[in-house]
Each structure stands twice: as structure tokens, then as C-alpha cells.
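Residue-level structural notes
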Amino acid sequence: MIIIDTHIVLKDSKSPRLSDYACQAFEKIIPSKKGIKKAIKKGCILVDGKVGQTGWKLKAGQRLDLLSDYSLIPKTYELPLEILYEDEKVAVVHKPAGLITSGNEYRTLFNSLGHNIKKSSLPDALPYPTPCHRLDKSTTGCLLIAKTKSAQVDIGKQFEQKTIKKTYLAIVHGNLAKRGWIHIPIKGQDAVTKFEVDKIIRSKSGEHFSVVRLYPQTGRTHQLRIHMSSLGHPILGDKIYGEVGNVL
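Numbers given for residues are sequential positions, taken from 1 along each chain in its written order. Residues qualify for local features only when their pLDDT is at least 70, as the model is predicted, and side-chain atom pairs are given and counted only at 80 or more; totals for whole chains, interfaces and linings, by contrast, use all residues. Side-chain numbers come from the whole structure's heavy atoms, not from hydrogens or water.

Strands are runs of DSSP state E lasting at least 2 residues, helices are runs of H or I lasting at least 4, and numbering of each runs from the N terminus. Within the element layout of this structure, Asn116 appears in helix 3 (residues 109-116). What qualifies as a polar contact is a pair of N or O atoms within 3.5 Å, subject to a donor-acceptor requirement within protein and to the restriction that residues adjacent in sequence count only when both atoms come from side chains. Side-chain polar atoms of Asn116 contact the backbone oxygen of Leu79, separated by 2.9 Å. A polar atom in the side chain of Asn116 sits 2.7 Å from the backbone oxygen of Ser112.

Structure (C-alpha cells):
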């Protein structure tokens, strides 16, 4: 087996169990806790060079290595995807609405990648193409897929350094101001969104809607949906935050 990913335990981590911490450290390769436990059981996660055990308490600075194990490759979900770009290192796919990116379910975009994307022939090829970020189930858009370890690391750094910019297009209820910034914390964490209105449209019933471009400056869960609802302009069709107010 070969090392396909490495992670150094963060300084602010408070002696977490290996099984819990590894879920975050290797989430992009093994997106489920069940998969992490299976990897530990098979001896595929090393702690400072030694085979890790589920209940081990980790310390800051320790090195975690994830070893390849082809039995961890998910069962393929044969769903055709639109491939927008592909080379030996990366691919860009179009995620349709209604499909989750990854998780414990079988019908996920992650499970369908092997059916749509060719395995890289480069020396550091990942055992299975892996999404570098996520989109909500109800969101449609472009997803970056890593095919090699070096591409996965490089893209991860770009997201951390915010050199990759995300733009979302949404239709929201009401006549929204032309442009602005939203600074509303989510669950105690800073959350910032920039927005620009493309146009205002009016339905046959006379209700106004705004077509808006959203530029998240932070990456909180459901940030855009929460922010727009907090302004009194929820995203059209949002079943969770569609009711204005009491969303934080």
C-alpha cells in the first residue's frame, strides 16, 4: 500500500480520538465515519508511522498517514454526469440539483465519479476521483474533482488561501437593493456575503423577485440561504429557510 494523504494534527485540537479526528482530516477522500472506521480496522491509518487504533488520543503535531486500500473504493453509482473539463490531474463536473455530493448514501455524486471519470495514470493518482468541495443537495453547479494527490493538495491550499472565488446565482423573493454586503454571524462564527442584483422580475401574480449574484467570503453551512432569509429575501423554493426570520 502507498500513502495517499498526510495530515498533521492541529495545535488547537484537544486530545481527540483518532476515529473522530480522522473523519475531518481525511473527509475529502473518505467522506463517511463508517469508511474511516473501516480504514482504521484495516490498518490504513498510521499515527507517527504506527498502525492507529480507534480509541487512540491524538496530540498536536502528530502525523497521520492514510494508506491506499482499494477495498475502500465505493460501489459505483452509474449516473451519467456532464463533464465540463478533464485532464490527468483534475476534472470539473456539473452537479445536478437533487444529488448530494457525498455521504453515507449510495446515490451520491462521489459514488458516480468512477463511472464518469478516468483514473489518472500519474504516479500519485488517487485510488478514486475525489470532490475538492461540496454543494448543497438542492444546488446545481460546477464541482472541482481531484484525480491526483498533488492536485488535491494544491486545490485545498487555494481554497484555504481564498484564491479560488465562488459565485452563485439565485432568485430571491422581493425587490432587493442593487448591491451590498451581509455581515451576520452563523452559530457564533463570522459569516460574510457580497451580493449584486442582476435584474428584478415580476410574476404574473404581481410578486417581485430579484436575480442576484452571491459571493460568499466565508464558508458556513447554508450561509447563502441563511443570509438571504435574514435580509427578508429568502431564496425561491428554499424549504428550510424560506420563512423570514428566526433562522440563526
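After that view, the rundown keeps rolling.
Put simply, a salt bridge is a Lys or Arg side-chain nitrogen that is within 4 Å of an Asp or Glu carboxyl oxygen. The full count for this structure, using the stated rule, is 10 salt bridges. Put simply, Glu86 and Lys147 hold a salt bridge, and the shortest N to O gap is 2.8 Å. A residue pair is termed long-range when its members are at least 10 positions apart, and Glu86 in strand 5 (residues 82-86) and Lys147 in strand 8 (residues 141-148) qualify at 61 residues. Each residue is assigned to one of three classes by its accessible area relative to the maximum for its type, calculated with a 1.4 Å probe on protein chains only: buried under 20%, partly exposed between the two thresholds, exposed over 50%. By relative accessible area, Glu86 is classed as partly exposed at 31%. Notably, a salt bridge pairs Asp198 with Arg213, separated by 3.0 Å at the nearest N-O pair. Of this pair, Asp198 sits in strand 11 (residues 192-202) while Arg213 sits in strand 12 (residues 208-216), placing them 15 residues apart in sequence. Using a relative accessible area of 32% as the deciding quantity, one classes Arg213 as partly exposed. Several salt bridges share partner residues, and in doing so they unite Arg17, Asp20 and Lys33 into one network.

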